[in-house]
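Secondary and tertiary structure notes
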Amino acid sequence: MDKRHLLSDQDDDPQFPGPGNPGMPAPDLPQGGGASAPPGEMMHNVPGYEGTGSGGGEGKCVPPPNPGLASPGRGPSPPERQWEIPSISEDFAKDAFIEYASSKCCYSSRPAKELVFTDLQAHNTYRYRLETFVESRKTEWDSVPYTGQVVDSYGSCVPAPWDIAVQVPAMFQNGKRAVQVPHTSSVKGCHNCLALGKSACQKCIASGWMQCWVCNGSGRRMSDDRCSHCNGVGRVRCTECSGSGSKTCHTCTGKGQLLFFINLIVEWKNHIYEFVPDKRSGFPVDRVSKVTGELLFTDTQYMVYPVVSFPDNAINQASQTAVREHQAQFVTTSRILQQRQTIELIPVTRVHYTWKEKTYIYFVYGAEHKVYTDDYPAKCCCCTII
């Protein structure tokens with residue numbers, strides 16, 4: 001289908017700038033040991049990053065500057081087109097039903113093989129999907145052990161969160177990346193070990209010794225002989241710290257110093273709005289999510305315009321709702337990079353048949369010709385329809 005017959009307007013609009021964002025490259029997050037989130041009182045004030053918290057991976061959300069996005073306009077609707085989509089043939093319907101019955105351990109295949117068709121009705125439906133791929137940015141203080149990295153917090157201006165250039169991954173694929181904000185790093189003593197590089201061993205409470213587990217600290221065994229494990233002392237060297245009473249600080253990995261900096265957490269997420277109109281045929285539309293259909297229409301742009309002249313008006317209304325909701329939901333908190341909307345035809349055929357002089361119904365749906373029925377005539381009592 002020609003997309004110009006579906007969209008309200010597709011002219012370029014200067015109110016919709018492209019997602020390109022020139023800015024200075026930011027270095028990758030330094031790799032290091034297990035530095036913990038730094039205490040807030042240790043952090044200095046950085047202009048443009050006021051209120052930035054520390055650690056946890058959540059960070060302070062930074063909305064994009066001046067989104068300035070307006071709802072797409074609506075142009076004149078082109079003439080509607082008529083669609084005549086036939087139901088599947090009896091051979092397809094029967095083969096699908098036989099395969100369905102054979103896949104059920106408690107179903108007899110006799111009804112599927114012996115049925116007599118009385119009517120095949122097309123109840124085809126559509127699946128409309130809008131995908132909005134957005135980028136959001138958050139900031140938080142972080143730290144890593146200092147091992148001689150460059151300290152760049154002096155003499156340069158700190159770029160704003162949305163001025164930092166970060167490579168966008170493949171469109172419509174979720175992703176997350178953390179980069180160090182330039183000119184925010186500084187070196188401070190480790191807050192966990194007071195810059196000593198070591199911390200007290202918790203297992204032996206910094207004594208270097210532990211009670212002998214063989215004699216429970218008595219130095220003698222039940223036979224009143226001297227304990228051979230501790231040589232009668234009643235204690236043994238701590239296996240955790242090798243008797244030193246201290247361990248290498250896990251925060252600074254023994255360096256005694258930490259490199260503090262602001263982390264920019266960039267997250268890409270694909271938000272999906274999906275709609276399938278209910279044709280009131282008795283077929284549960286939630287099963288459509290498990291099948292594929294025939295792609296009738298696809299439109300990928302920075303900002304898409306609502307579909308307005310599709311033959312099924314429910315799809316037009318869903319498109320307008322989806323575009324409006326996604327703009328309202330994401331434009332103030334994140335940057336929309338691209339949108340994609342698709343319309344698929346999902347074939348659904350309601351099959352009426354008789355077997356042993358009784359009438360039954362089943363549905364064949366999707367390009368995979370899956371079958372749904374809730375009244376198969378020959379199944380054992382222990383079998384449950386899924």
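Relevant structure appears above.
In what follows, the accompanying structure is described.

Cut-off values and rules
- Residues numbered from 1 in each chain as written.
- Predicted model: local features only at pLDDT ≥ 70, side-chain atom pairs only at ≥ 80, totals over all residues.
- Heavy atoms only, no water.
- Pairing = 2+ DSSP bridges.
- Helix = DSSP H or I, 4+ residues; strand = E, 2+ residues; numbered from the N terminus.
- Buried < 20%, exposed > 50% of the residue type's maximum accessible area, 1.4 Å probe, protein only.
- Lys, Arg positive; Asp, Glu negative; His and termini not counted.
- Salt bridge = Lys/Arg side-chain N within 4 Å of Asp/Glu carboxyl O.
- Polar contact = N/O pair within 3.5 Å; in protein donor to acceptor, adjacent residues only side chain to side chain.
- Core = buried A, V, L, I, M, F, W, Y, C linked by side-chain atoms within 4.5 Å.
- Contact = heavy atoms within 4.5 Å.
- Phe/Tyr/Trp six-rings, centres within 6.5 Å; stacked < 30°, edge-to-face > 60°.
- Lys NZ or Arg CZ within 6 Å of the ring centre and 35° of its normal.
- Expected span 1.5 Å × (residues − 1).
- Arc of directions from axis to C-beta.
- Axes fitted to C-alpha atoms, helices over the stretch in contact; angles between N-to-C directions.

As defined by bridge partners, strand β5 (residues 125–145) adjoins strand β13 (residues 257–275) across 18 bridges and the pair is classed as antiparallel. When the sheet's bridge partners are listed, serine 143 is paired in β13 with phenylalanine 260. Judged from the six bridges that link them, strand β7 (residues 175–180) and β13 form a sheet pairing that is antiparallel. Residue pairing for β13: glutamine 180 is matched across the bridge by asparagine 263. Both strand β8 (residues 186–189) and β13 contribute to a ladder of four bridges, which runs antiparallel. If you follow serine 186 over to β13, its bridge partner there is phenylalanine 260.

Here the focus is unusual backbone geometry. Of note in this structure, leucine 194 is not a glycine but carries a positive phi near 55°. Among the secondary structure elements, leucine 194 is positioned in the loop between β8 and β9 (198–200). On the basis of relative accessible area, leucine 194 is assigned to the exposed category, the value being 69%.

Moving on: the side chain of aspartate 142. Relative to the elements of secondary structure, aspartate 142 occurs in strand β5. The charged side chain of aspartate 142 is buried without a salt bridge, its nearest counter-charge being lysine 176 at 11 Å. Side chain to side chain, aspartate 142 and asparagine 263 meet in a polar contact 3.2 Å long.

Moving on: the nonpolar core. Core analysis: the biggest nonpolar cluster contains 20 residues, and Phe97 and Tyr362 have the highest contact counts within it. Top contributing element to this core by residue count: helix α1 (residues 90–103), with five residues. Not counting chain neighbours up to four residues away, the residues in contact with tyrosine 362 comprise Ala93, Lys94, Phe97, Leu115, Phe117, Thr349, Arg350, Val351, Tyr353, Val371, Tyr372 and Thr373. Phe297, Ala318, Val323 and Ile343 belong to the second largest nonpolar core, which has 15 residues in total.

Take the packing of aromatic side chains next. For the structure shown, the criterion picks out 14 aromatic pairs. On the basis of an interplanar angle of 80° and a centroid distance of 6.2 Å, the ring pair of phenylalanine 283 and tyrosine 372 is categorised as edge-to-face. Linking phenylalanine 283 in the loop between β13 and β14 (294–301) with tyrosine 372 in strand β18 (residues 370–372), this pair joins segments that are 89 residues apart in sequence. Like phenylalanine 283, the residue tyrosine 372 is buried in the burial classification. Chaining the aromatic ring pairs together yields one cluster made of Phe97, Tyr100, Tyr107, Tyr353, Tyr360, Tyr362 and Tyr376. Between arginine 235 and the ring centre of tryptophan 209, over which it is positioned, the NZ or CZ distance is 4.5 Å.

Under the defined criterion, the tally for this structure stands at nine salt bridges. Across the salt bridge formed by glutamate 131 and arginine 340, the nearest N and O atoms sit 2.9 Å from each other. Pair noted here: glutamate 131 is in strand β5 and arginine 340 is in strand β15 (residues 335–346), with a separation of 209 residues, a long-range link. Exposure remark for glutamate 131: the relative accessible area of 9% places this residue in the buried category. Residue arginine 340 is classed as partly exposed on the basis of its relative accessible area, which comes to 25%. Two residues, arginine 280 and aspartate 278, come together in a salt bridge whose shortest N-O distance is 3.8 Å. A residue is classified by how much of its surface remains accessible, and arginine 280, at 72% relative accessible area, is exposed.

Okay, α1 next. If you check α1, its first and last C-alpha atoms are 20 Å apart, about what 14 residues at 1.5 Å a residue would give, namely 20 Å. Those residues of α1 that fall on the buried side of the exposure criterion are Ala93, Ala96, Phe97, Tyr100 and Ala101. Burial along α1 is one-sided: seen end-on, the buried residues are contained in an arc of 130°. α1 presents Asp91, Asp95, Glu99, Ser102 and Ser103 as exposed residues on the side facing more than 90 degrees away from its buried surface. Looking at the buried residues of α1, the elements they touch are α2 (110–114), β4 (116–122), β16 (348–355), β17 (358–365) and β18.

In space, the four strands of this open sheet follow the order β4-β16-β17-β18, with antiparallel pairing throughout. Single-partner strands in this sheet number two, and they are β4 and β18. With strand direction ignored, the average angle separating the axes of adjacent strands in the sheet is 25°. Sheet topology note: the β4/β16 ladder contains six bridges and is antiparallel. Looking across to β16, one finds that valine 116 is bridged to threonine 354.

With that settled, consider the environment of cysteine 105. Take cysteine 105: it is sitting in the loop between α1 and α2. Since its relative accessible area comes to 77%, cysteine 105 is described here as exposed. Sequence separation between cysteine 105 and lysine 379 is 274 residues; the distance between their C-alpha atoms is 9.1 Å.

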